[in-house]
Amino acid sequence: MRSKLPLMLFLLSSLGFFLQITSSGGLKAAVQPIGVCYGTFGNSQPPAREAVSLVQSVGIGRMRLYGPDHNALPALGNTNIEVTLGVPNDELEWVASSQDNANEWIQGNVQNYKQVKFRYIVVGNGISPVLDFKTSQYAPFLLPALQNIQSAIFAAGLQKRIKVTSAFDQTELLHQSFPPSQGELRTEIREFIDPIISLLVKNNAPILVNLHPYFDYIYKMPNNPIELASSKSKQDVRLQYALFQIPNKPLVQDGPLGYSNVFDAMVDSVYSALEKAGGSSLDIVVSEIGWPQASWSADNHIANNQNAATHNCWDLI
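On a predicted model such as this, the values are computed, not experimentally measured, just so you know.

Regarding the overall build of the chain
The helix and strand tally for the chain stands at 13 helices and 12 strands. Per-residue burial over the chain gives 54% buried out of 317 residues. In the chain, once contacts between residues fewer than 6 apart in sequence are set aside, the share between residues at least 24 apart is 66%. Accessible surface computed for the chain: about 14,400 Å², of which carbon and sulfur atoms make up 50%.

Okay, here's the thing in structure tokens:
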């Protein structure tokens, strides 16, 4: 029988995990149970039924599907696992083009799976109108797709138990993220993102944010200040800051708030930005985060099993 730990580690490091943080204030506010992201692009990933069974066995109560997976959805029926289901980017134009199309999408992928406990419908993932040519083509369709899917959820009578939202990358949302209290949205995306924030506020839906502490570390991005590397410690302080290895010892001080890990700081930077854009009432769902077990680069020695286990299992203990 295959050990559960390596498979669990594979799920977390290859596919990531997510969690919800309710009310502003980062992890100093209430944290909801974590979930596992189950995609379709990983190598040698476990079959859907095996993955669902494993998630149940270790007590994880939520799972994110990046799109309708008709192997995973039946496996999730009658499990009580709360499902976050994505409308893929390449389906946004079709969903945005008519209300009938959005109704059909909800009927085929949500209403037809009555035994599945859906929590969120995530319309689009990581879309930026300016920064990423791979997703900018979908930006014009995101708001109308959100509106149509929301209307379809209302028409199906599901609005009390399913929220409609979208997921964004923190680094593409913010032009300033450090210090966290100075978090601010990029000026060039305000015309795109402001109506979406207003829609989420109106519908009391959270915003989903993808965080990538691993990339912040290797690319020396502002969330994980390079100044930390100048510490007299012989340890790699920036890596420890990314891996939750310095508990109860703030390394970054931002006014009255001290941060001992980059995750808290990244979350609070988004809250700060939302407050400046009329989104102070929004909850944040961290919809994607993880640490890889391996890297394409032979020079990258921090993508390994030990660091993946340290980062990805920090709050499973």
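Now that the structure is up, let's keep going.
A word on the layout of surface pockets
Empty space within the second largest pocket amounts to approximately 180 Å³. Lining the second largest pocket we find 13 residues, and of these Lys163, Asn204, Ala205, Pro206 and Asp283 sit closest to its centre. Mapped onto the lining of the second largest pocket, the elements with two or more residues apiece are strand E5 (117-125) and helix H9 (190-202). Grouping the amino acids of the lining of the second largest pocket by side-chain chemistry returns 6 nonpolar, 3 polar and 4 charged.

Thoughts on empty space enclosed by the protein
Tallied over the entire structure, the rule returns 1 cavity of 30 Å³ or more. Quantified by volume, the largest cavity comes out at close to 50 Å³. The wall of the largest cavity is formed by Gly126, Ile127, Ser128, Pro129, Phe168, Asp169, Glu172, Leu173, Ile189 and Phe192. Among the secondary structure elements, those contributing two or more residues to the lining of the largest cavity are strand E6 (163-169) and helix H8 (170-173). Residues belonging to the lining of the largest cavity are distributed by class as follows: 6 nonpolar, 2 polar and 2 charged.

Focus on the packing of helix H5 (residues 99-111) against helix H7 (residues 139-155)
Axis separation between H5 and H7 bottoms out at 8 Å; the angle between their running directions is 60°. Put simply, H5 runs oblique to H7. In terms of crossing hand, the pair formed by H5 and H7 is right-handed. Residues Gln99, Ala102, Asn103, Trp105 and Ile106 of H5 touch H7, and the partners they reach there are Asn148, Ile149, Ser151, Ala152 and Ile153. Its residues placed into classes, the contact of H5 with H7 shows 6 nonpolar, 4 polar and no charged.

Some words on the nonpolar core
Ile121, Val123 and Ile149 are the most contacted members of the largest nonpolar core, which totals 87 residues. Residues in contact with Val123, not counting those within four places in the same chain, are Val87, Leu92, Leu142, Ala145, Leu146, Ile149, Val164, Thr165 and Ser166. Formed by 5 residues, the second largest nonpolar core is a distinct cluster that contains Val122, Ala167, Leu208 and Val285.

Some thoughts on the confidence of the model for the chain
Of the residues in the chain, 84% have a pLDDT of 70 or more, and the chain-wide mean is 86. With pLDDT under 50 throughout, residues 23-29 is counted as low confidence; its partners more than four residues away or in other chains account for 23 contacts.

Structural notes on the pairing of strand E3 (residues 62-65)
When a strand is regular, its side chains alternate between the sheet's two faces. Judged by which residues are buried, E3 turns out to be covered on both faces: Arg62 and Arg64 on one side and Met63 and Leu65 on the other are all buried. Both E3 and strand E4 (residues 82-87) contribute to a ladder of 4 bridges, which runs parallel. Paired with Leu65 across the bridge in E4 is Leu85.

Brief notes about the environment of Asp254
Tracing the sequence through the fold places Asp254 in strand E10 (residues 252-254). Remark: the alpha-carbon pair of Asp254 and Pro179, spanning 75 residues in sequence, is separated by 6.2 Å. Apart from the residues lying within four places of it in its own chain, the contact partners of Asp254 are Pro179, Pro180, Ser181 and Tyr259. Only 2.7 Å separates the side chain of Asp254 from the backbone nitrogen of Ser181, close enough to count as a polar contact.

Structural notes on the pattern of salt bridges
Enumeration according to the criterion identifies 4 salt bridges in this entry. Across the pair Arg119 and Glu82 runs a salt bridge whose closest N-O atoms are separated by 3.1 Å. In this pair, Arg119 is assigned in strand E5 and Glu82 in strand E4, connecting sequence segments 37 residues apart. With a relative accessible area of 17%, Glu82 lands in the buried category. In this structure, a network of salt bridges that share partners links the residues Arg62, Glu82, Lys117 and Arg119.

The rules we used
Residues numbered from 1 in each chain as written. Predicted model: local features only at pLDDT ≥ 70, side-chain atom pairs only at ≥ 80, totals over all residues. Heavy atoms only, no water. Helix = DSSP H or I, 4+ residues; strand = E, 2+ residues; numbered from the N terminus. Buried < 20%, exposed > 50% of the residue type's maximum accessible area, 1.4 Å probe, protein only. Contact = heavy atoms within 4.5 Å. Areas by Shrake-Rupley, 256 points an atom, 1.4 Å probe, with all protein chains shown as cover. 1 Å grid on protein atoms, 1.4 Å probe; cavity = no way out; pocket = protein on both sides within 12 Å on 5 of 7 lines; lining within 4 Å. Points joined across faces, edges and corners; volume = space filled by probe spheres on them. Nonpolar A, V, L, I, M, F, W, Y, C, P; charged D, E, K, R; others polar. Axes fitted to C-alpha atoms, helices over the stretch in contact; angles between N-to-C directions. Parallel < 35°, antiparallel > 145°, perpendicular 65-115°, else oblique. Left-handed = near helix turned anticlockwise from the far one by under 90°. Core = buried A, V, L, I, M, F, W, Y, C linked by side-chain atoms within 4.5 Å. pLDDT = per-residue confidence, 0-100. Pairing = 2+ DSSP bridges. Polar contact = N/O pair within 3.5 Å; in protein donor to acceptor, adjacent residues only side chain to side chain. Salt bridge = Lys/Arg side-chain N within 4 Å of Asp/Glu carboxyl O.

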